[in-house]
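Observations on the three-dimensional arrangement
Chain residues, written in single-letter form:
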Amino acid sequence: GAVVSQHPSWVICKSGTSVKIECRSLDFQATTMFWYRQFPKQSLMLMATSNEGSKATYEQGVEKDKFLINHASLTLSTLTVTSAHPEDSSFYICSARVRNTIYFGEGSWLTVV
Amino acid sequence: QKEVEQDPGPLSVPEGAIVSLNCTYSNSAFQYFMWYRQYSRKGPELLMYTYSSGNKEDGRFTAQVDKSSKYISLFIRDSQPSDSATYLCAMIRETSGSRLTFGEGTQLTVNP
């Protein structure tokens, strides 16, 4: 069964609005979660590392004010895309480490119109 | 040079064929090795993970690691059309803070 769950699977929002994506670890505590972005037919691109109880660590080139990450509990990390624009339309995926491997969520498709 | 090299394919095989997917890596610090399957428009699904040299089998899948050669493989026996997907190799080294290093992914099509 799923180890990491993401919600929503699909979301459409208007340009200029904000949208929140949730990533939950099921049946385990995740002190660290990761957020990725993937464009069609391209590789996963790591956006940030989400640490429970502290600030996220963003990869170079990722706007921290645009992609707000909150990891307020050991089972939940959220990614908020603020003031979304059509170029933010993409597939967003979270992951979490369980012992010595990494599990991914189902992904969330964001379309900004 | 990329840390992890994977032939992107595409690879097309007939149903029932044995599929061999391969990755090489350059950093001997990698400790944990994973294979993921990603269907179109879905998140990657963990197929196999291992941390030692040798073979690990799970149903139709066998993961092979050769740390001395810095080479990992995934074999799929009796391939099915439902195996058509992109296969990603990935690795972790503890010094990277659990960050995954991916291969480019191999696109596989199994034809009925």
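Heads up: the structure comes first, above all this text.
As a starting point, this report considers the structure included with it. Keep in mind it's a predicted model, so treat the numbers as computed, not measured.

For the rest of this paragraph, the subject is the interface of chain B and chain A. Contact residues are listed per partner, giving 19 residues for chain B and 19 residues for chain A. For the chain B and chain A pair, buried surface summed over both sides reaches about 1600 Å², with 56% attributable to carbon and sulfur atoms. At the boundary of chain B with chain A, the tally comes to one salt bridge. The shortest N-O distance in the salt bridge between glutamate 59 of chain A and arginine 99 of chain B comes to 3.1 Å. Remark: the boundary between chain B and chain A carries six residue pairs in polar contact (both at pLDDT 80 or more). Those elements giving two or more residues to the side of chain B that touches chain A turn out to be β4 (32-38), β5 (45-50), β9 (85-92) and β10 (100-102) of chain B. With four residues, the top contributor of residues to the side of chain B that touches chain A is β4 of chain B.

It is worth spelling out the side chain of threonine 101 of chain B at this point. Residue and element names in this part refer to chain B. By the element assignment, threonine 101 lies in strand β10. We classify threonine 101 as buried; its relative accessible area is 17%. Setting aside residues no more than four positions away along its own chain, threonine 101 makes contact with Glu3, Val4, Phe30, Cys89, Ala90, Met91 and Arg93.

This part is about the nonpolar core. Trp35, Tyr58, Phe67, Ile69, Leu79, Tyr92 and Leu110 of chain A are the most contacted members of the largest nonpolar core, which totals 26 residues. Looking at which element gives the most residues to this core, the answer is strand β9 (residues 90-98) of chain A, with four residues. Discounting chain neighbours no more than four positions away, the residues touching tyrosine 58 of chain A are Met47, Ala48, Lys64, Phe67, Leu68 and Ile69 of chain A. Val13, Ala17, Trp35 and Leu74 of chain B belong to the second-largest nonpolar core, a separate cluster that totals 24 residues.

Right, let's talk about the side chain of serine 25 of chain A for a bit. Residues and elements named next belong to chain A. Considering the arrangement of structural elements, one finds serine 25 in strand β3 (residues 19-25). Here the side chain of serine 25 touches phenylalanine 28 through a polar contact of 2.8 Å, landing on its backbone oxygen. Once you skip the residues sitting within four places of it in the chain, serine 25 turns out to touch Val3, Ala30, Met33, Leu74 and Thr75.

Before going further, it helps to spend a moment on the sheet that holds strand β3 (residues 19-25) of chain B. Residue and element names in this part refer to chain B. If you walk across this open sheet you meet the five strands as β1-β3-β8-β7-β6, and the pairing is antiparallel. The open sheet has two edge strands, β1 (4-6) and β6 (54-58), and neither has a second partner. The average undirected angle you get between the axes of adjacent strands in this sheet is 15°. When strand β7 (residues 61-66) meets strand β8 (residues 71-76), the two strands line up antiparallel, connected through six bridges. Pairing of valine 65 across the sheet is with isoleucine 72, part of β8.

What counts as what
Residues numbered from 1 in each chain as written. Chains lettered and ligands numbered in written order. Predicted model: local features only at pLDDT ≥ 70, side-chain atom pairs only at ≥ 80, totals over all residues. Heavy atoms only, no water. Contact = heavy atoms within 4.5 Å. Buried area = accessible area lost by both parts, 1.4 Å probe. Salt bridge = Lys/Arg side-chain N within 4 Å of Asp/Glu carboxyl O. Polar contact = N/O pair within 3.5 Å; in protein donor to acceptor, adjacent residues only side chain to side chain. Helix = DSSP H or I, 4+ residues; strand = E, 2+ residues; numbered from the N terminus. Buried < 20%, exposed > 50% of the residue type's maximum accessible area, 1.4 Å probe, protein only. Core = buried A, V, L, I, M, F, W, Y, C linked by side-chain atoms within 4.5 Å. Pairing = 2+ DSSP bridges. Axes fitted to C-alpha atoms, helices over the stretch in contact; angles between N-to-C directions.

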